[in-house]
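# Inside the fold
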Amino acid sequence: MMKKRAAAVLAMALAAGSLSLAACGGGNGGPEAEKTAAAESREAGKSSAAAESQKTDPSAGEAADAQEETNQAAEGEETELIVFAAASMTETLNEIAGLYKEVAPNVTLTFNFDSSGTLKTQIEEGADCDLFISAGQKQMDQLDIQADAGVNTDGLDFVDGTTRLDLLENRVTLCVPEGNPAGIESFDGLAQALTGEDILMAMGNSDVPVGQYTQNILAYYGLGEEELAKAGKITYGTNVKEVTTQITEASVDCGVVYCTDAFSAGLSPVDYATAEMCGQVIYPAAVLKVSSHPEEAKAFLDYLSQEEAMAVFENVGFSPVE
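This write-up is about the structure you can find in this document. Given the structure is predicted, the values throughout are model-derived calculations rather than measurements.

## Side note on empty space enclosed by the protein
- For the coordinates displayed, the defined rule picks out 2 cavities of 30 Å³ or more.
- Taken together, Phe187, Leu190, Ala191, Leu194, Met201, Thr214, Ile217, Leu218, Tyr221, Leu223 and Val256 make up the full set of residues lining the largest cavity.
- Each residue belonging to the lining of the largest cavity can be placed in one class, and the counts come to 10 nonpolar, 1 polar and no charged.
- Volume-wise, the second largest cavity comes out at about 50 Å³.
- In terms of lining residues, the second largest cavity is bounded by 13 residues, among which Ala86, Ala135, Val208, Val240 and Tyr258 are the most central.

## Some points on a negative patch on the surface
- Together, Glu102, Glu307, Glu308 and Glu314 give the surface a local cluster of negative charge.
- Among the elements that take part in the negative patch, helix 14 (residues 307–315) stands out by supplying 3 residues, more than any other.
- On the accessibility criterion, glutamate 102 (70% relative accessible area) is exposed.

## A short note on the packing of aromatic side chains
- Tallied over the full model, the rule gives 8 aromatic pairs.
- Look at tyrosine 258 and tyrosine 283: their rings are 5.9 Å apart centre to centre, the planes differ by 65°, and that puts the pair in the edge-to-face class. In this pair, tyrosine 258 is assigned in strand 8 (residues 254–258) and tyrosine 283 in strand 10 (residues 281–287), connecting sequence segments 25 residues apart.
- The exposure class of tyrosine 258 is buried, given its relative accessible area of 2%.
- Taken together, the ring pairs in this structure connect Tyr213, Tyr258, Tyr283, Phe313 and Phe318 into an aromatic cluster.
- The ring centre of tyrosine 272 lies 4.0 Å from the NZ or CZ of arginine 171, which sits over that ring.

## Quick look at the nonpolar core
- By size, the foremost hydrophobic cluster in this structure holds 68 residues, and its most contacted members are Ile133, Phe300 and Leu304.
- By size, the runner-up hydrophobic cluster in this structure holds 13 residues, among which are Leu119, Cys129, Met140 and Phe158.

## Examining the pattern of salt bridges
- The final tally for this structure, using the stated rule, is 8 salt bridges.
- For lysine 241, the salt bridge is made with glutamate 91, and the minimal N-O distance between the two is 3.0 Å. Here lysine 241, found in helix 10 (residues 240–248), pairs with glutamate 91, found in helix 4 (residues 90–103); they are 150 residues apart in sequence, far enough to count as distant.
- By relative accessible area, which is 22% here, lysine 241 ends up partly exposed.
- Lysine 230 is the salt-bridge partner of glutamate 226, the closest N and O atoms lying 3.4 Å from each other. A residue pair is termed a helical-turn pair when its members lie 3 or 4 positions apart in one helix, as glutamate 226 and lysine 230 do in helix 9 (residues 225–230) at 4 residues.
- Through salt bridges with shared partners, a single network forms among Glu91, Lys241 and Asp261.

## Some thoughts on the pairing of strand 5 (residues 172–175)
- Side chains Val172 and Leu174 of strand 5 all project onto a buried face; the interleaved residues Thr173 and Cys175 project onto the opposite face, where all are buried too.
- Pairing between strand 5 and strand 8: 4 bridges, direction antiparallel. For threonine 173, the partnering residue across the bridge sits in strand 8 and is valine 257.
- Here strand 5 runs beside strand 9 (residues 271–272); their pairing, made up of 2 bridges, is antiparallel. When the sheet's bridge partners are listed, leucine 174 is paired in strand 9 with aspartate 271.

## Observations regarding the layout of surface pockets
- Each pocket or cavity is described by its volume, and for the largest pocket that value is around 160 Å³.
- Lining the largest pocket are 13 residues, with Asp128, Cys129, Asp130, Val290 and Ser292 sitting closest to its centre.
- Considering only residue class, the lining of the largest pocket consists of 6 nonpolar, 4 polar and 3 charged.

## Thoughts on the side chain of asparagine 239
- Within the fold, asparagine 239 resides in the loop between strand 7 (234–237) and helix 10.
- Of the residues examined, asparagine 239 reaches a relative accessible area of 11% and is grouped as buried.
- In terms of polar contacts, asparagine 239 uses its side chain to reach the backbone amide nitrogen of lysine 241, at 3.0 Å.
- Dropping the residues within four chain positions of it, asparagine 239 is found in contact with Ala87, Asp114, Ser115 and Val208.

The rules we used
- Each residue is numbered by its place in its chain's sequence as written, counting from 1.
- A pLDDT threshold of at least 70 governs which residues receive local features in this predicted model, and a stricter bar of 80 or more applies before side-chain atom pairs are shown or counted, although totals over entire chains, interfaces and linings include all residues.
- Note that water and hydrogens are dropped before the side-chain values are worked out from all heavy atoms of the structure.
- Only protein atoms enter the calculation, which uses a 1 Å grid: trapped sets of points that fit a 1.4 Å probe without letting it out are cavities, open sets showing protein on both sides within 12 Å along at least five of seven lines are pockets, and any residue with an atom within 4 Å of a point is a lining residue.
- Grid points are joined across faces, edges and corners, and a volume is the space filled by probe spheres set on the points.
- Residues are grouped as follows: Ala, Val, Leu, Ile, Met, Phe, Trp, Tyr, Cys and Pro are nonpolar; Asp, Glu, Lys and Arg are charged; every other residue, Gly included, is polar.
- Within the patch definition used here, like charges are joined within 9 Å and nonpolar side chains (Val, Leu, Ile, Met, Phe, Trp, Tyr) within 5 Å, considering only residues with over 30% relative accessible area and no salt bridge.
- Computed with a 1.4 Å probe, the accessible areas rest on the Shrake-Rupley method; for each residue, only the protein chains presented here act as cover.
- Take a side-chain nitrogen of Lys or Arg and a carboxyl oxygen of Asp or Glu: if they are within 4 Å of each other, that pair is a salt bridge.
- When charges are counted, neither His nor the chain ends are considered; positive counts come from Lys and Arg and negative counts from Asp and Glu.
- By convention, the point assigned to a charge is CZ for Arg, NZ for Lys, CD for Glu and CG for Asp.
- To qualify as a helix, a DSSP run of H or I must reach at least 4 residues; to qualify as a strand, a run of E must reach at least 2; elements of each kind are numbered from the N terminus.
- Relative accessible area decides the class of each residue, using a 1.4 Å probe on protein chains only: under 20% of the type maximum gives buried, over 50% gives exposed, and in between gives partly exposed.
- Any two of the Phe, Tyr and Trp rings considered here, Trp counted by its six-membered ring, make a pair once their centres fall within 6.5 Å; the pair's planes then place it as stacked at under 30 degrees, edge-to-face at over 60, or tilted in between.
- Note on criteria: charge over ring means Lys NZ or Arg CZ within 6 Å of the ring centre, with the direction from the centre no more than 35 degrees off the ring normal.
- By nonpolar core we mean a set of buried residues, namely Ala, Val, Leu, Ile, Met, Phe, Trp, Tyr and Cys, connected to one another through side-chain atoms within 4.5 Å.
- Strands are labelled as partners when DSSP assigns at least two bridges between them.
- Two N or O atoms form a polar contact when they lie within 3.5 Å of each other; inside protein one atom must be a possible hydrogen donor and the other a possible acceptor, and for residues adjacent in sequence the pair counts only when both atoms belong to side chains.
- Two residues qualify as a contact provided that any one of their heavy atoms is within 4.5 Å of a heavy atom in the partner residue.

What follows is the structure, encoded as structure tokens:
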């Protein structure tokens with residue numbers, strides 16, 4: 001009987017101990033668990049607040065986007081600039097392109113060299129072009145809505161007038177083949193020879209600036225171009241490079257080109273035309289309104305006016321416009 005009573009007391013004591021342990025923190029219900037739960041609740045609250053902030057304050061998302069764009073810009077995207085330039089600039093611009101690669105490594109310059117008249121027509125017909133450099137004001141004016149309507153007869157509006165500038169000045173020269181077999185020493189001598197001797201002179205077509213300057217020289221001496229052409233004393237080139245080639249190959253007795261082309265071809269001019277004879281030879285330049293990269297085109301045009309590029313131009317006979 002005493003044994004049964006002792007066993008019952010022991011069983012009750014064990015049961016009470018179990019209940020006490022459970023109440024003192026067994027399982028996940030103690031103070032540490034409560035701390036963990038509170039921390040998790042605070043973090044969840046922060047995440048929820050951040051999400052809500054982006055909804056109510058979109059500038060946070062915009063800032064992230066701006067940073068991404070900055071990172072992309074830093075990496076640099078390749079840009080192709082298409083430059084239409086007078087044929088007389090072929091050598092100088094190709095040299096400058098190498099220098100500009102150091103300044104703007106992500107910009108690739110693609111040149112289209114030809115007579116200014118041909119380039120003007122290509123632009124008018126929709127050719128891709130970012131920057132136009134003409135060897136004469138007329139061809140630029142024909143594309144500029146702000147120019148005299150008597151020149152821009154079609155009311156074309158391709159030129160960004162805020163970028164247009166007179167970039168360079170050139171000189172019109174009289175050149176002869178090696179040895180000067182016809183003995184032509186000056187424009188005065190050329191005028192006399194054209195009126196009486198059997199000689200052949202090369203000049204640019206009437207839609208080419210160098211041809212227009214030559215027409216002015218002929219008019220200055222009172223010579224009729226049409227009569228001379230009919231008499232077989234004039235041959236033509238579609239651009240100044242073609243005229244230069246005729247002189248170097250000695251297929252003509254003389255020709256009228258720019259001093260820059262004479263320099264590039266290794267010719268020594270025998271005379272220089274004055275402004276009174278043919279006018280000032282100005283090369284205007286401008287970014288076009290149809291440009292796909294106007295900012296990059298303006299940056300390159302600015303560079304062409306700076307000392308490094310101008311030194312290349314001056315080395316072949318160009319000069320800054322004063």
